[in-house]
Amino acid sequence: MRALGERARAAARALAPRGRADKDRALRLVAERLRTVAAEGERASLLVENAADVAAARAAGLSDALVDRLVLTPARLQALADAVLEIASLDDPVGEIIGMRHRPNGLLIGQVRIPLGVIAMIYESRPNVTVDAAALCLKSGNAVILRGGKEAARSNAALGALVRDAITEAGLPPDAVQILPSLDREATKLLVGMTGLIDLAIPRGGEGLIRFVSEHARVPVIQHYKGVCHLYVDAEADLDLALRLVENGKLSRPGVCNALECLLVDERVAAPLLARVATLVDTRGLELRGDEATCALVPAARRAADDDYGAEFLAPILAVRVVRGLDDALDHIARYGSNHTEAICTTRYDHAQRFLREVDASCVLVNASTRFNDGGELGLGAEIGISTTKLHAYGPMGLTSLTTLKWIAHGDGQVR
């Protein structure tokens, strides 16, 4: 394991000074290979490996939502290629000079943006993270060690080989992207204990994985914690818009971290809104788990258990609570939210501004779906994760979040 870390450290040192042209060429080659695989369709070896992972996941009884995270299709590979090309099109943050100014003694001081070094990316289910993380780390001048979950082992190995082939052809160090071959917890514990070799660990997955990494890490950790995302529908809201936000937030992809998990409805509009939401029970298979007021208005709803509020269902299940206005909604979010994504549907400017100001989450939205808390949707090209820990990043982590600043000074003989 230390040999793997030492190779990553050497690759990071070699990669850090490389210019944008070299890194972008490597990313374009990655995208080109992904498009070739997408064009070959199901006969492509990468998709054959992914199909084996998917079959094993279904046989193991994984939920439909978790299987959906695992599946690669030609369309999804094309979307991955597009994301890589978008990352290539973004400005390179490395080398950016910030705040140059003269001190009274004549020193010209400022800061320059530099890579973090070696990133350990530990994740579950989603093989697309293999490509997103590799592309973001390469563009920001970092080496990355990728430890995916056993359910995507074949897919991750194939994608890792594709990326390494592309960056080798581009003349970048192949060890800048490494797939951790061992999938057991002991290997992960060793990985996040390698002080001096690993600069940052990013766990992305279920609560158990994140807790394991946080408890055993001896290197800095940024948590991509669970997404308990709320939508509050204000008394003065467009109810047709609110229904669209519920349907998109909950049902477009129930198994992702920015999916809506809890609907809070002002009591003054509960009856008309919940009548609309109830149509999704019959037409889309949505399960509602509500408080007493919700169950009285929607007979098909189940009575919510205490732990349904604050739950990340990752399934077509929606917790619902009728609240007594904005203050009640804010209190609920403060108690049950996970600092991930929160949204309000309202026509009142003052309520929208108060919600933006008082809600503590990595992304807060007004009259928009929680599904927009995503690196691609926010213009980052892709994301390595959505940080809910605030230090040193909060929200989707793109290129800038994978860098830090060092001080620089120009003098002409100043001494202290």
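A short tour of the structure in this document, coming up. Note that the coordinates shown come from a computational prediction; the quantities given were computed from them, not determined experimentally.

**Some remarks on the packing of aromatic side chains**
In the structure shown here, the tally under the stated rule is one aromatic pair. Ring centres of Tyr 309 and Tyr 336 lie 6.0 Å apart, and the angle between their planes is 50 degrees; on these two criteria the pair is classed as tilted. In this pair, Tyr 309 is assigned in the loop between β10 (302-303) and β11 (317-323) and Tyr 336 in helix α13 (residues 326-336), connecting sequence segments 27 residues apart. Using a relative accessible area of 12% as the deciding quantity, one classes Tyr 309 as buried. Note that Arg 185 overlies the ring of Phe 212, its terminal NZ or CZ placed 4.6 Å from the centroid.

**Details of the sheet that holds strand β4 (residues 143-147)**
Working definition: the strands of a sheet are paired by backbone hydrogen bonds and lie parallel or antiparallel to each other. Within the open sheet, the four strands sit side by side as β5-β4-β3-β6. Their pairing is parallel. Looking at which strands have only one partner, the edges of the open sheet turn out to be β5 (177-179) and β6 (200-204). This sheet shows a mean twist of 20 degrees between the axes of neighbouring strands, independent of strand direction. The pairing of strand β3 (residues 118-123) with β6 spans five bridges and is parallel.

**A closer look at the pattern of salt bridges**
Taken as a whole and assessed by the stated rule, the structure comprises 32 salt bridges. Arg 9 is the salt-bridge partner of Asp 199, the closest N and O atoms lying 2.9 Å from each other. One end of the pair, Asp 199, is in the loop between α8 (185-191) and β6; the other, Arg 9, is in helix α1 (residues 2-15), with 190 residues separating them in the sequence.

**Notes on the nonpolar core**
Judged by nonpolar contacts, the single largest core of 52 residues is most densely connected at Leu 34, Leu 46, Leu 77, Met 121 and Ile 384. The residues touching Leu 46, leaving out its near neighbours within four places in the chain, are Val 37, Leu 72, Leu 77, Ala 158, Leu 159 and Leu 162. Of all hydrophobic cores here, the second largest spans 32 residues; its members include Val 233, Leu 243, Leu 274 and Leu 286.

**Describing helix α6 (residues 128-139)**
Between its first and last C-alpha atoms α6 spans 17 Å; for 12 residues at 1.5 Å apiece the expected length is 16 Å, and the two agree. For α6, the complete set of buried residues consists of Val 129, Thr 130, Val 131, Asp 132, Ala 133, Ala 134, Ala 135, Leu 136, Cys 137, Leu 138 and Lys 139. Backbone geometry just after α6 places Gly 141 at a positive phi near 80 degrees.

**Brief notes about the state of the cysteines**
Working definition of a disulfide: a covalent bond connecting the sulfur atoms of two cysteines. Inspection of every chain in the model, using the stated rule, returns zero disulfides. Unpaired in this structure, Cys 262 has its nearest cysteine sulfur neighbour in Cys 229, at a distance of 11 Å. On the basis of relative accessible area, Cys 262 is assigned to the buried category, the value being 3%. Residue Cys 295 stays outside any disulfide, its sulfur separated by 13 Å from that of Cys 262, the closest cysteine.

**Side note on the environment of Ala 157**
Mapped onto the fold, Ala 157 is located in helix α7 (residues 153-169). Separated by 30 residues in the primary sequence, Ala 157 and Pro 127 have C-alpha atoms spaced 9.3 Å apart.

Calculation criteria
- Residues numbered from 1 in each chain as written.
- Predicted model: local features only at pLDDT ≥ 70, side-chain atom pairs only at ≥ 80, totals over all residues.
- Heavy atoms only, no water.
- Phe/Tyr/Trp six-rings, centres within 6.5 Å; stacked < 30°, edge-to-face > 60°.
- Helix = DSSP H or I, 4+ residues; strand = E, 2+ residues; numbered from the N terminus.
- Buried < 20%, exposed > 50% of the residue type's maximum accessible area, 1.4 Å probe, protein only.
- Lys NZ or Arg CZ within 6 Å of the ring centre and 35° of its normal.
- Pairing = 2+ DSSP bridges.
- Axes fitted to C-alpha atoms, helices over the stretch in contact; angles between N-to-C directions.
- Salt bridge = Lys/Arg side-chain N within 4 Å of Asp/Glu carboxyl O.
- Core = buried A, V, L, I, M, F, W, Y, C linked by side-chain atoms within 4.5 Å.
- Contact = heavy atoms within 4.5 Å.
- Expected span 1.5 Å × (residues − 1).
- Disulfide = S-S within 2.5 Å.

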